[in-house]
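# Observations on chain architecture
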Amino acid sequence: MSESLVVCDVAEDLVEKLRKFRFRKETNNAAIIMKIDKDKRLVVLDEELEGISPDELKDELPERQPRSNNFSFFNLRKTFIVYSYKYQHDDGRVSYPLCFIFSSPVGCKPEQQMMYAGSKNKLVQTAELTKVFEIRNTEDLTEEWLREKLGFFH
């Protein structure tokens, strides 16, 4: 049986929230965490976080989500994150890059993998993001990892 790639639309209220987030005036780190509503086939807001470091963000990520069947209590969960990060350059300048982080734990169900993979590019285009990263293990999301990734853009 072949399965086709599912591309989910981005919820209208989330599109507006992402637009405002792009032009925010605050100078602290902040994140918008998104998920897919499988029934509606929409990327929707999951959570908003202010003043959060990469290490704190890692602890907030829902790598495992409760599952209803009796055989397994948890189901690995993918997540989309848009993160506004206060980046201190080596020369002293400060910038606030918007980073798209796709948390894609190893072992997710194939149906979920295809739905998130198919929707990732549409979400990146909708949010007009250029700094796109993927993590397979939430433990990898550290300040050092993010600074290393952003170093390629500067």
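Definitions and cut-offs
- Residues numbered from 1 in each chain as written.
- Predicted model: local features only at pLDDT ≥ 70, side-chain atom pairs only at ≥ 80, totals over all residues.
- Heavy atoms only, no water.
- UniProt positions renumbered as here; feature names shortened; annotations may be inferred.
- Phe/Tyr/Trp six-rings, centres within 6.5 Å; stacked < 30°, edge-to-face > 60°.
- Helix = DSSP H or I, 4+ residues; strand = E, 2+ residues; numbered from the N terminus.
- Contact = heavy atoms within 4.5 Å.
- Buried < 20%, exposed > 50% of the residue type's maximum accessible area, 1.4 Å probe, protein only.
- Pairing = 2+ DSSP bridges.
- Right-handed = clockwise from strand over helix to strand, strands pointing away.
- Polar contact = N/O pair within 3.5 Å; in protein donor to acceptor, adjacent residues only side chain to side chain.
- Core = buried A, V, L, I, M, F, W, Y, C linked by side-chain atoms within 4.5 Å.
- pLDDT = per-residue confidence, 0-100.
- Salt bridge = Lys/Arg side-chain N within 4 Å of Asp/Glu carboxyl O.

Taking an unreviewed UniProt entry as the reference, the chain is identified by name as Glia maturation factor belonging to Pipistrellus kuhlii. According to the UniProt record, the Function (unreviewed entry) comment for the chain is "This protein causes differentiation of brain cells, stimulation of neural regeneration, and inhibition of proliferation of tumor cells." The record in UniProt for the chain states the following under Sequence similarities (unreviewed entry): "Belongs to the actin-binding proteins ADF family. GMF subfamily."

Inspection of every chain in the model, using the stated rule, returns seven aromatic pairs. Summarising the aromatic geometry, the rings of F80 and Y116 are spaced 4.9 Å apart at their centres and angled 40° between planes, so their arrangement reads as tilted. In this pair, F80 sits in strand β6 (residues 79-84) while Y116 sits in helix α3 (residues 110-127), placing the two residues 36 residues apart along the sequence.

Looking at where K58 falls in the secondary structure, it is placed in helix α2 (residues 54-60). Not counting residues up to four positions away in its chain, the partners in contact with K58 are T138, E139, L141 and T142.

Side chains K131, F133 and I135 project from strand β10 (residues 131-135) onto a buried face, and the interleaved V132 and E134 project onto a face without burial. Both strand β9 (residues 98-103) and β10 contribute to a ladder of five bridges, which runs parallel. Across the sheet, residue S103 finds its bridge partner in β10, namely I135. In terms of handedness, the path from β9 via α3 over to β10 forms a crossover that is right-handed.

Mapped onto the elements of the fold, S119 is located in helix α3. The class of S119 is buried, set by a relative accessible area of 0%. A distance of 2.8 Å separates the side chain of S119 from the backbone nitrogen of C8, its partner in a polar contact.

As a further point, take the nonpolar core. Grouped together as the largest cluster of nonpolar side chains are 23 residues, with contacts concentrated most on M34, V43 and F80. Top element by residues in this core is α3. It accounts for five residues. With sequence-adjacent residues up to four places away left out, F80 is seen in contact with I32, I33, M34, I36, V43, F100, I101, F102, Y116, S119, K120 and L123.

Bringing the confidence of the model for the chain into the picture now. Of all residues in the chain, 85% attain a pLDDT of 70 or more, and the chain-wide mean is 84. Across the chain, element-level confidence peaks in helix α1 (residues 12-22) with a mean pLDDT of 96 and bottoms out in strand β4 (residues 64-66) with 41. Confidence drops under pLDDT 50 across residues 64-75; counting only partners more than four residues distant or on other chains, this segment forms 15 contacts.

On to the pattern of salt bridges, then. Counted under the stated rule, the structure contains ten salt bridges. E48 is paired through a salt bridge with K17; the nearest N and O atoms lie 3.2 Å apart. One end of the pair, E48, is in strand β3 (residues 42-50); the other, K17, is in helix α1, and 31 residues separate them in sequence. On the basis of relative accessible area, E48 is assigned to the partly exposed category, the value being 46%. On the accessibility criterion, K17 (28% relative accessible area) is partly exposed. Where K58 meets D55, a salt bridge forms, and the shortest distance between an N and an O atom there is 3.7 Å. In this pair, K58 and D55 both sit in helix α2, three residues apart, roughly one turn of the helix. According to the relative accessible area criterion, D55 is partly exposed, its value standing at 31%. If you follow the salt bridges from partner to partner, you end up with E16, R19 and K20 in one network.

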